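So the chains spell out like this:
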Amino acid sequence: MRRILSAVRSAWVHPGHRFLVLVSLVYTGLFVVPHYSLLFQGDTTGLLNAVGLSWFATIGLFTLAAFSRWAFRVVVVALFLVSGATLYFLINYHVYLNENVVAVLSESNIGEALGYVSLELVLFVLGGAAVGLALVRWHALLPVPRPAERAGWMLQLAVLYGVLAGVERAEAPGLFLTFSRTFHTTPPLSLIQKPALYLREQHYLAELLSHRRNIAEEGVTAPAEPQTVVLVLGESARADHFHINGYPRQTTPNAEAWGMQTYRQVRACANGTRLAIPCLMTRATPQTMDLARQETSLVTMFRTAGYRTDWISNQGFFWSRFRRTKAGISSIYAIALEAEHTVFNNPSGDSDDLTIYDEELLPELDRALAGPESLGLVVLHTVGSHWHCDAHYPPSFARWTPLCSKRNPRRCAPGEYLNSYDNSLRYTDYFLGQVMERLKGRNALLLYVSDHGAELGEHGVLTTTPMSGEEVMHVPLLVWMSDDFKRQHPDRAAALALRERSPISHDWVLHSLLDCAGLASPVIDPGLSLCRGEPR
């Protein structure tokens with residue numbers, strides 16, 4: 001017993017172990033406290049308890065790493081460097097690391113990722129690395145603990161854990177449960193767990209995509225007359241910034257001039273493109289998202305019914321850098337491949353820095369519409385209001401100034417980002433006008449819907465984040481029918497106006513597009529069609 005007590009005493013006074021306490025306190029103060037401050041807003045007790053428990057878990061990680069000097073060096077420098085980057089995005093965008101953020105990083109190219117690089121980000125990363133290197137240098141000067149001292153240190157940590165567990169049971173029931181639900185969102189665990197979860201998701205996704213069920217096998221028939229259906233997929237557009245929905249700025253002159261039918265209460269499936277687009281293209285709902293990977297989309301329904309199908313995109317492939325592996329494919333790209341003809345005008349996927357305009361899709365649309373009118377479906381996947389907004393509309397559309405030209409939108413003056421964003425919406429409206437101009441002499445149906453919205457500073461956040469509010473989920477949905485289409489189908493045209501103010505969602509897109517186009521199939525749920533009856 002005397003030897004054990006001696007080992008415990010010497011373990012505590014050993015400079016290497018006291019150094020571990022210091023490293024853990026520095027890491028927790030720099031990188032963990034800001035995360036929990038965001039998660040426990042207004043709950044000081046919960047914040048302090050969570051930070052204390054997180055510090056304990058962090059010192060355990062550094063203790064294990066310290067068994068090898070080289071392992072300690074690698075772990076400390078890597079964690080401080082990467083945590084510097086996560087701290088930057090947390091402060092400026094309220095983004096904490098989760099599977100979706102890892103997916104965005106993995107499925108983006110270097111050009112798109114560089115769109116978020118700023119001098120501030122570089123300074124955060126270099127600052128984190130400098131602190132890590134300084135601590136590693138300091139650690140190299142300290143003596144190595146003897147095995148008995150290491151054992152005594154581990155014993156002390158175990159006793160401390162037992163004390164904390166006892167306090168939790170007596171004074172704060174449920175604290176560990178709350179902590180366990182939040183610890184994975186903060187560094188250092190999030191830096192390890194979230195990439196692992198993303199890789200598991202990719203494996204699961206690959207299995208689902210390789211065994212997708214063809215929903216057209218349930219049966220589908222097409223209308224007899226020639227017809228053109230166009231689905232325009234918007235990007236980051238907010239319904240409440242459309243003038244046609246009551247916004248003070250005139251952002252939708254073409255939609256109003258062409259008589260597009262708007263729907264004011266449309267909710268997105270998700271707050272990110274990689275989830276929202278597969279959801280609205282399939283029978284998936286927010287409660288049954290796996291259907292987006294288990295079944296084919298509306299593209300296959302139209303193609304099976306005899307339509308020429310085109311997917312024309314201004315966005316990237318939305319697959320990971322491991323492009324030649326089955327696990328690298330994404331749900332969006334799998335849906336695009338259901339079309340007979342696919343065109344990616346922006347194969348690099350650089351939606352941030354690259355100057356790219358949606359009107360560049362129009363020549364491809366003209367080619368898809370060339371020749372005698374027949375049955376045709378065209379999906380136009382636009383870049384819309386993707387960050388950086390100013391790179392996605394010509395200078396002539398800069399109606400509202402000054403603009404936000406900085407890499408970090410939080411460094412723009414109040415209103416600058418809003419001006420850039422509204423200008424991009426007005427350009428989207430121009431693009432829709434150009435599409436309708438090409439369809440006006442046809443028997444044509446056009447549906448526009450955005451994948452998700454954006455936050456414009458309402459909660460101290462600009463653009464979309466995993467903690468986004470309702471502003472990101474409230475999206476625009478517009479429908480237009482050509483004069484010829486309305487003459488042939490007056491009942492459908494009349495039904496469109498009935499649900500302008502009714503709550504609907506992305507779930508309605510597949511059923512509405514198939515039903516409004518006149519396809520017949522048991523796949524269609526009439527209760528989710530904008531061309532049927534009274535509002536539910």
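Once a new chain begins, its residue numbering starts again from 1 and follows that chain's sequence as written. Given that this is a predicted model, residues contribute local features only at a pLDDT of at least 70 and side-chain atom pairs are listed and counted only at 80 or more, while totals for whole chains, interfaces and linings are drawn from all residues. Excluded from the side-chain calculations are hydrogens and water; all other atoms, namely the structure's heavy atoms, are used.

A. Here's a closer look at the state of the cysteines. We call a pair of cysteine sulfur atoms a disulfide whenever their separation is within 2.5 Å. Evaluated as defined, the whole model comprises three disulfides. A sulfur-sulfur distance of 2.1 Å marks the disulfide that ties C404 to C412. The sign of the S-S torsion, about 65°, decides the handedness of the disulfide formed by C404 and C412: right-handed. Across the pair, exposure class does not vary: C404 and C412 are buried alike. C389 takes part in no disulfide bond, and the closest cysteine sulfur, belonging to C404, lies 8.3 Å away. For every residue, the accessible area (1.4 Å probe, protein chains only) is compared with the maximum for its type, and the residue is labelled buried under 20%, exposed over 50%, or partly exposed between those bounds. The class for C389 is buried, based on a relative accessible area of 2%.

B. Spatial organisation of unusual backbone geometry. That bond from W387 to H388 is cis: its omega, -5°, falls within 30 degrees of zero. To qualify as a helix, a DSSP run of H or I must reach at least 4 residues; to qualify as a strand, a run of E must reach at least 2; elements of each kind are numbered from the N terminus. Tracing the sequence through the fold places H388 in the loop between strand 5 (375-381) and helix 17 (416-439).

C. Representation of the pattern of salt bridges. Salt bridges, as used here, are contacts in which a Lys or Arg side-chain nitrogen is within 4 Å of a carboxyl oxygen on Asp or Glu. If you walk through the whole model with that rule in mind, you get 17 salt bridges. R238 is the salt-bridge partner of D240, the closest N and O atoms lying 2.7 Å from each other. Between K486 and D483 there is a salt bridge, with the nearest N and O atoms lying 3.9 Å from each other. Placement of the pair is K486 and D483 together in helix 19 (residues 483-488), with a separation of three residues, close to one helical turn. Taken together, the shared-partner salt bridges in this structure form one network comprising R213, E218, R283 and E295.

D. Quick look at the confidence of the model for the chain. Of the residues in the chain, 82% have a pLDDT of 70 or more, and the chain-wide mean is 84. Ignoring residues within four places in sequence, the model shows residues 319-328, a span with pLDDT below 50, making 20 contacts including any to other chains. Known as pLDDT, the predictor's confidence for each residue is given on a scale from 0 to 100. Contact between two residues is taken to exist if any of their heavy atoms lie within 4.5 Å; hydrogens are not considered.

E. Broad picture of the pairing of strand 9 (residues 474-481). For strand 9, the buried fraction is high: seven of the eight residues fall into the buried class. Bridge count for strand 2 (residues 261-267) against strand 9 is five bridges, and the pairing is antiparallel. Within strand 9, the residue paired with Q261 across the bridge is V479. Here the rule is simple: two strands pair whenever DSSP picks up at least two bridges between them. Summarising the sheet, strand 6 (residues 444-450) and strand 9 pair through five bridges and their orientation is antiparallel. Directly across from L447, in strand 9, lies its bridge partner V479.

F. Just the packing of helix 4 (residues 69-93) against helix 7 (residues 119-140), in detail. Angles here are taken between N-to-C directions and fall from 0 to 180 degrees, while the axes themselves are lines fitted to C-alpha atoms, restricted in helices to the stretch in contact. In contact at an axis separation of 8 Å, helix 4 and helix 7 are set at 155° when each is read in the N-to-C sense. Viewed along their axes, helix 4 and helix 7 adopt a mutual orientation that is roughly antiparallel. Regarding helix 4 and helix 7, the two cross each other, and that crossing is right-handed. When describing relative orientation, an angle under 35 degrees is termed roughly parallel and one over 145 degrees roughly antiparallel, while 65 to 115 degrees is termed roughly perpendicular and anything else oblique. The sense of a crossing depends on the near helix, which, turned anticlockwise from the far helix by less than a right angle, makes the crossing left-handed and, turned clockwise, makes it right-handed.

G. Fine view of the environment of M473. Within the element layout of this structure, M473 appears in helix 18 (residues 470-473). When the C-alpha atoms of M473 and S450 are compared, they prove to be 9.9 Å apart, with 23 residues separating the residues in sequence. Excluding residues that lie within four positions of it along the chain, M473 makes contacts with V266, R267, A268, C269, A270 and N271.

H. Quick look at the side chain of S236. Mapped onto the elements of the fold, S236 is located in the loop between strand 1 (227-234) and helix 11 (253-257). A residue is classified by how much of its surface remains accessible, and S236, at 7% relative accessible area, is buried. Setting aside residues no more than four positions away along its own chain, S236 makes contact with S385, H386, Y421, S450, D451, H452, G453 and A454.

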